[in-house]
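A look at the structure
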Amino acid sequence: MTVEKDIIESIPDAKPVRIFIPLQNALERYRMQGVYQKSTPPRFNLLFKAGSLPLDAIDTQKPCIVTVDMGGPSISVEAMISEIADSQQLNMIVRKSMSHEQMREFFRVDATASVISSSFHPEFFGEEDTPWSMPGSTIDISGSGILASFTTPPPQDSQTRLEISLPTTRPETISVIAHPVRTQKISENHYDVAYHFDDITTEDRDKIIGCCLLIQRRLLRLKVKVKD
């Protein structure tokens, strides 16, 4: 627990954080912003605006994911709610820390969603002097990129605008700027392309992480049913 203590001790008091809170009888986690309050490690508190916490729906038996932007690599921990102190405060205890690589893998899930890859700037023209756009579908998705399938290979030497329809309970479409990392020809009309996000808002990245958590919980329930 020494590493976890060191991590939360390094977070400045009153630092804004993002938290994904598990809810009772729901697959999706509730995404919120709060303020970090120091306590005695490995404990810490999170403060919220009045009336913003879904108090009656919080599942205190499941872990929360807390992420903090430290001006470089984000700090991420898995923590349990030890007490709902009042309508504006959650008392937390760290369960384990998560490295950037662990976070990337933790929030990468197999998911099928529609995606449209298109030219980044309207003034960008392809070989035929027209803006290009092609539909495809995701194979997996994470907070840092996607693996998608297309019937023709998208351009490989430029940034791309991706319109991704997230498979959440209430479908949401996000727009990001990305570049292709690699392209693999699977068959005559099947190309798998890995994209890394270059420009994505914090809100949209949170939406992706929330979507990944939702899918993970669905898969976990499926495994339990199969096992039973």
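All of these numbers come straight from a predicted model, not from anything done at the bench.

This part covers unusual backbone geometry. Here Pro-41 and Pro-42 are connected by a cis peptide whose omega angle stands at 10°. Counting through the fold element by element, Pro-42 comes out in the loop between strand E2 (30–38) and strand E3 (43–47). At Ala-14, a position not held by glycine, the phi torsion is positive, near 70°. Relative to the assigned elements, Ala-14 resides in the loop between helix H1 (2–9) and strand E1 (16–21).

Here we take up the packing of aromatic side chains. What characterises a pair of aromatic rings is the spacing of the ring centres plus the angle enclosed by the ring planes. Counting across every chain of the model gives two aromatic pairs. With 6.4 Å between their ring centres and 80° between their planes, Phe-150 and Tyr-195 make a pair best called edge-to-face. Here Phe-150 is found in strand E10 (residues 145–150), whereas its partner Tyr-195 is found in strand E13 (residues 190–199), with 45 residues between them in sequence. Just as Phe-150 is buried, Tyr-195 falls in that class too.

Across six bridges, the pairing between E1 and E2 is antiparallel. When the bridges of E2 are listed, Ile-19 appears paired with Met-32. Two elements, E2 and E3, share four bridges in a ladder whose sense is antiparallel. Looking across to E3, one finds that Gln-37 is bridged to Asn-45.

Another aspect to go through is the pairing of strand E9 (residues 133–141). Bridge count for strand E7 (residues 109–110) against E9 is two bridges, and the pairing is antiparallel. Bridging across to E9, Val-109 finds its partner in Ile-141. Pairing of strand E8 (residues 114–119) with E9 involves five bridges; the strand directions are antiparallel. Residue pairing for E9: Ser-118 is matched across the bridge by Ser-133. Where E9 and E10 come together, four bridges link them in antiparallel fashion. Within the sheet, the bridge partner assigned to Thr-138 lies in E10 and is Ala-148. The turn linking E9 back onto E10 is made up of three residues.

Glancing now at the layout of surface pockets. By volume, the second largest pocket amounts to about 310 Å³. Forming the boundary of the second largest pocket are Leu-23, Glu-28, Arg-29, Tyr-30, Arg-31, Thr-168, Thr-169, Arg-170, Glu-172, Lys-207, Gly-210 and Cys-211. Among the elements that line the lining of the second largest pocket, the one with the most residues is helix H3 (residues 202–227), at three residues. Tallied by class, the residues present in the lining of the second largest pocket amount to three nonpolar, three polar and six charged.

Strand order in the closed barrel made by the six strands is E1-E2-E3-E6-E5-E4, with antiparallel pairing throughout. Ignoring strand direction, the axes of neighbouring strands in this sheet form an average angle of 45°. The strands touched by H1 are E2, E3, strand E5 (75–86) and strand E6 (89–98); relative to E6, the strand with the most contacts, the crossing angle is about 125°.

Take the state of the cysteines next. Applying the stated criterion across every chain, the model contains zero disulfides. In this structure Cys-212 is a free cysteine whose sulfur lies 5.6 Å from that of Cys-211, the closest cysteine sulfur available. Classification of Cys-212 as buried rests on a relative accessible area of 0%.

Structurally, Lys-185 can be placed in strand E12 (residues 172–187). Separated by 32 residues in the primary sequence, Lys-185 and Pro-153 have C-alpha atoms spaced 8.2 Å apart. Sequence-distant contacts of Lys-185, that is, excluding residues within four places in its chain, are made with His-190 and Tyr-191.

Averaged over the protein chain, the pLDDT score is 84; the fraction of residues at 70 or greater is 86%. For the protein chain, the element scoring lowest by mean pLDDT is helix H2 (residues 100–106), at 62; E3 scores highest, at 96. Note on residues 122–128: pLDDT under 50 across the span, and seven contacts to partners over four residues away in sequence or across chains.

So, about the nonpolar core. Burial of nonpolar side chains together is a common tendency in soluble globular proteins. By size, the foremost hydrophobic cluster in this structure holds 23 residues, and its most contacted members are Ile-19, Ile-21, Phe-44, Leu-46, Leu-90 and Met-92. Filtering out sequence-adjacent residues up to four positions away, Leu-90 remains in contact with Ile-21, Phe-44, Asn-45, Leu-46, Phe-48, Leu-53, Ile-58, Ile-81, Glu-83 and Ile-84.

About the thresholds
Counting restarts for each chain: residues are numbered from 1 in the order of the written sequence. At least 70 in pLDDT is required for a residue's local features to be given in this predicted model, at least 80 for side-chain atom pairs to be given and counted, and no such filter applies to totals for whole chains, interfaces and linings, which use all residues. Only hydrogens and water are set aside; all other atoms, that is, all heavy atoms of the structure, feed into the side-chain values. Each helix corresponds to a stretch of at least 4 residues labelled H or I by DSSP, and each strand to a stretch of at least 2 residues labelled E; elements are numbered beginning at the N terminus. The pairing test for Phe, Tyr and Trp rings, Trp by its six-membered ring, is centres within 6.5 Å, and the orientation test on the planes gives stacked under 30 degrees, edge-to-face over 60, and tilted for anything in between. Only protein chains enter the calculation, and the probe is 1.4 Å; a residue is then buried if its accessible area is under 20% of its type maximum, exposed if over 50%, and partly exposed in between. In this scheme, strands are said to pair when DSSP sees at least two bridges between them. A cavity, in this analysis, means grid points on a 1 Å lattice covering only the protein atoms where a 1.4 Å probe fits yet has no way out; a pocket is instead an open set bounded by protein on both sides within 12 Å along at least five of seven lines, and a residue lines either one if it has an atom within 4 Å of a point. Grid points are joined across faces, edges and corners, and a volume is the space filled by probe spheres set on the points. Residue classes follow a fixed rule: Ala, Val, Leu, Ile, Met, Phe, Trp, Tyr, Cys and Pro count as nonpolar, while Asp, Glu, Lys and Arg count as charged, and any other residue, Gly among them, counts as polar. Helix axes use the C-alpha atoms of the stretch in contact, all axes being lines fitted to C-alpha atoms, and the angles between their N-to-C directions lie in the range 0 to 180 degrees. Two residues form a contact once any of their heavy atoms are found within 4.5 Å. Disulfides are defined in this document as cysteine sulfur pairs within 2.5 Å. Known as pLDDT, the predictor's per-residue confidence is scaled from 0 to 100. To qualify as a nonpolar core, a set must consist of buried Ala, Val, Leu, Ile, Met, Phe, Trp, Tyr and Cys residues joined through side-chain atoms within 4.5 Å.

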